[in-house]
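This is what each chain is made of:
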Amino acid sequence: MQDKTKLQKDTKFEIHPLLAERWSPRTFSDMTVSETEIRSLLEAGRWAPSSNNFQPWRIIWGIKGSKTYDRIMKVLAEFNQSWAKNAPVLMLGAFKKTNPEGKENFHALHDLGAFSAHLTFQAQHLGIAVHQMAGLDFKAALKEFDFTDDYHVATALAIGYYGGDKSDLPEDLAKQETPKSERKLQREFTFNGNFSETNDLSDEKQPLE
């Protein structure tokens, strides 16, 4: 059983414990996630920033044992179905592709990401894990949940309390089930000036190892 409070990430700078402790398991405790808790997560997402405050996100959610949960499961990629069945709650994240004037909203996917981030950090605050997924049949999801062509179903989320047993996973995934993960160093993706192959974050206080 995994204890989120014991997780120590190799952060180069101090960050909030909610961020340092968060990870994306594929096993979950069998503890129930109540509708009140789900509403708390959705409320956190509700207050995420969005371009022009359009709030283009649309969320489908279901609790394990419900028809909605089974319908979400049906549109997940087979690989994700193999472990997401462990999650007490499943969600789909969709966004409206156009703004109120009918023009393309180039920022809608970014805004859905902000919604998911807010939801994830609220979940972490409650001791609840969130594993975000890209593997789903978005066309099938559009049809299954009666979206119009003006929407795109982009992501899915598996949600539940930290815990569970690795034996619930296929053998290959059980070997991968660990809170430890690697991240690129800041020098690989940040540029204090023009974008280039090399960085200019040469301050001696910047850990570049």
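Residues numbered from 1 in each chain as written. Predicted model: local features only at pLDDT ≥ 70, side-chain atom pairs only at ≥ 80, totals over all residues. Heavy atoms only, no water.

Caption draft 1: Quick look at the pattern of salt bridges. Evaluation of the coordinates by the stated rule reveals six salt bridges. Ionic pairing is found between Arg71 and Glu144, a salt bridge with its closest N-O pair at 2.6 Å. Of this pair, Arg71 sits in helix H3 (residues 67-75) while Glu144 sits in helix H6 (residues 138-144), and the two are 73 residues apart along the sequence. Arg71 sits in the partly exposed class, given a relative accessible area of 30%. Between Lys74 and Glu144 there is a salt bridge, with its nearest N and O atoms 3.0 Å apart. Here Lys74 is found in helix H3, whereas its partner Glu144 is found in helix H6, with 70 residues between them in sequence. A network of salt bridges, in which partner residues are shared, links Arg71, Lys74 and Glu144. (Salt bridge = Lys/Arg side-chain N within 4 Å of Asp/Glu carboxyl O. Helix = DSSP H or I, 4+ residues; strand = E, 2+ residues; numbered from the N terminus. Buried < 20%, exposed > 50% of the residue type's maximum accessible area, 1.4 Å probe, protein only.)

Caption draft 2: Looking closely at helix H5 (residues 108-125). In this model H5 runs 26 Å from its N-terminal to its C-terminal C-alpha over 18 residues, within 8% of the 26 Å that 1.5 Å per residue would give. For H5, the complete set of buried residues consists of Ala108, Asp111, Leu112, Ala114, Phe115, Ser116, Leu119, Thr120, Ala123 and Gln124. Looking at the residues trailing H5, positive phi occurs at Gly127, about 80°. (Expected span 1.5 Å × (residues − 1).)

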